[in-house]
Amino acid sequence: ISSELAHRAVAAAIGSAGSDRAGSATTLAVAVVTGDQLTVVSFGDSLAGVARNKTLRPVNQVSPFLDATTIPTEAPISQTLLEAGDVVIAATDGLTDFLGRGGRRELGRLLFSGDQPVRLAEASIELAFAGGAGDNIAVALFAHPPAGA
């Protein structure tokens, strides 16, 4: 994803939303898995992480948000190698800001509960609601297949 393309999409969306959205900004996390390589491009404070051994480890760093006026000069890119059984998670701050004390540990444990991905996403959102989140929660999960799969 090019930072200029992302900027144009955000500017168009803010412009079409009307004057009550002037000055708005957004966050974006894109995760691409190629073989065992995870590449993340992110803007803002969305989380892209890897759950391994019941522990959630962020892959990306908080970076400037996308808005209608500032064109980022380059996209912040992070990479890591995946292992069999890893779970990749991308989530908005609606999840991460409301996990509460020990929430990342609990989320890491949850991701290894053996539930189906849809149920894991629902349980992650329930965890955030239990921590006080009101809305703005989005979660995407990817279970890295075992070696040889």
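To be clear, the structure that these remarks concern was listed above.
Attention here is on the structure that accompanies the text. A quick note: this is a predicted structure, and the numbers were derived from the prediction, not measured.

1. Things to note about the overall build of the protein chain
Part 1 of the argument: Counting secondary structure elements, the protein chain contains four helices and nine strands.
Part 2 of the argument: Overall, the protein chain shows an N-to-C arrangement of helices and strands of α-β-β-β-β-β-β-β-β-α-α-α-β.
Part 3 of the argument: Counting the 149 residues in the protein chain, one finds 36% classified as buried.
Part 4 of the argument: Look at the contacts in the protein chain between residues 6 or more apart in sequence, and 62% of them connect residues 24 or more apart.
Part 5 of the argument: Of the roughly 8,400 Å² that the protein chain leaves accessible, carbon and sulfur atoms contribute 54%.

2. Points about the sheet that holds strand E4 (residues 47-52)
Part 1 of the argument: Pairing is antiparallel in the open sheet, where four strands are placed in the order E5-E4-E8-E9. Two strands lie at the open edges of the sheet, namely strand E5 (55-58) and strand E9 (139-143), each paired on one side alone. Neighbouring strand axes in the sheet, compared pairwise and without regard to direction, differ in orientation by 25 degrees on average.
Part 2 of the argument: The sheet contact formed by strand E8 (residues 87-91) and E9 spans five bridges and is antiparallel. By the bridge assignment for E9, Ala90 is matched with Ala140.

3. Notes on the sheet that holds strand E7 (residues 77-81)
Strand pairing in a sheet takes place through backbone hydrogen bonds and is either antiparallel or parallel in direction.
Part 1 of the argument: Spatial ordering of the open sheet is given by E2-E3-E7, a layout of three strands whose pairing is antiparallel. Strand pairing shows two members of the sheet lacking a second neighbour, strand E2 (28-34) and E7, which therefore form its edges. In this sheet, neighbouring strand axes are inclined to one another by 20 degrees on average, regardless of whether the strands run parallel or antiparallel.
Part 2 of the argument: Of the pairings in the sheet, the one linking strand E3 (residues 37-43) to E7 comprises five bridges and is antiparallel in character. Within E7, the position partnered with Leu38 by the bridge is Thr80.

4. A word on the nonpolar core
Part 1 of the argument: Counting 18 residues, the largest nonpolar core has Leu56, Ile89, Leu95, Leu107, Leu111, Ile137 and Val139 as its most contacted members.
Part 2 of the argument: Residue contributions to this core peak at four residues, all from helix H4 (residues 117-130).
Part 3 of the argument: Look past the residues within four positions of Val139 in its chain and what remains in contact with it is Ile89, Ala90, Ala91, Leu95, Ala121, Ser124 and Ile125.
Part 4 of the argument: Judged by nonpolar contacts, the second largest core, of seven residues, contains Ala48, Val59, Leu82 and Val88.

5. So, the pairing of E3
Part 1 of the argument: Most of E3 is tucked away: five of the seven residues are buried.
Part 2 of the argument: Examined bridge by bridge, E2 and E3 share seven bridges and lie antiparallel to one another. Bridge pairing in E3 links Val33 to Leu38.
Part 3 of the argument: Counted along the chain from E2 to the antiparallel partner E3, the turn is two residues long, and its residue Gly35 has a positive phi close to 65 degrees.

6. Examining the environment of Leu110
Part 1 of the argument: Relative to the helices and strands, Leu110 resides in helix H3 (residues 103-111).
Part 2 of the argument: Separated by 56 residues in the primary sequence, Leu110 and Lys54 place their C-alpha atoms 7.8 Å from one another.
Part 3 of the argument: If near-sequence neighbours (up to four positions away) are discounted, Leu110 is found in contact with Leu120, Ala123 and Ser124.

7. A word on the side chain of Ser124
Part 1 of the argument: Tracing the chain through its elements places Ser124 in helix H4.
Part 2 of the argument: Among the residues examined, Ser124 registers a relative accessible area of 0% and is labelled buried.

8. Digging into the environment of Phe65
Part 1 of the argument: Within the fold, Phe65 resides in the loop between E5 and strand E6 (66-67).
Part 2 of the argument: What makes Phe65 partly exposed here is its relative accessible area of 39%.
Part 3 of the argument: In this structure, the C-alpha to C-alpha distance between Phe65 and Thr27, residues 38 residues apart in sequence, is 5.6 Å.
Part 4 of the argument: Filtering out sequence-adjacent residues up to four positions away, Phe65 remains in contact with Ala25, Thr26, Thr27, Gly44 and Asp45.

Scoring rules and cut-offs
Residues numbered from 1 in each chain as written. Predicted model: local features only at pLDDT ≥ 70, side-chain atom pairs only at ≥ 80, totals over all residues. Heavy atoms only, no water. Helix = DSSP H or I, 4+ residues; strand = E, 2+ residues; numbered from the N terminus. Buried < 20%, exposed > 50% of the residue type's maximum accessible area, 1.4 Å probe, protein only. Contact = heavy atoms within 4.5 Å. Areas by Shrake-Rupley, 256 points an atom, 1.4 Å probe, with all protein chains shown as cover. Pairing = 2+ DSSP bridges. Axes fitted to C-alpha atoms, helices over the stretch in contact; angles between N-to-C directions. Core = buried A, V, L, I, M, F, W, Y, C linked by side-chain atoms within 4.5 Å.

Any link to function would need more than the numbers given here.
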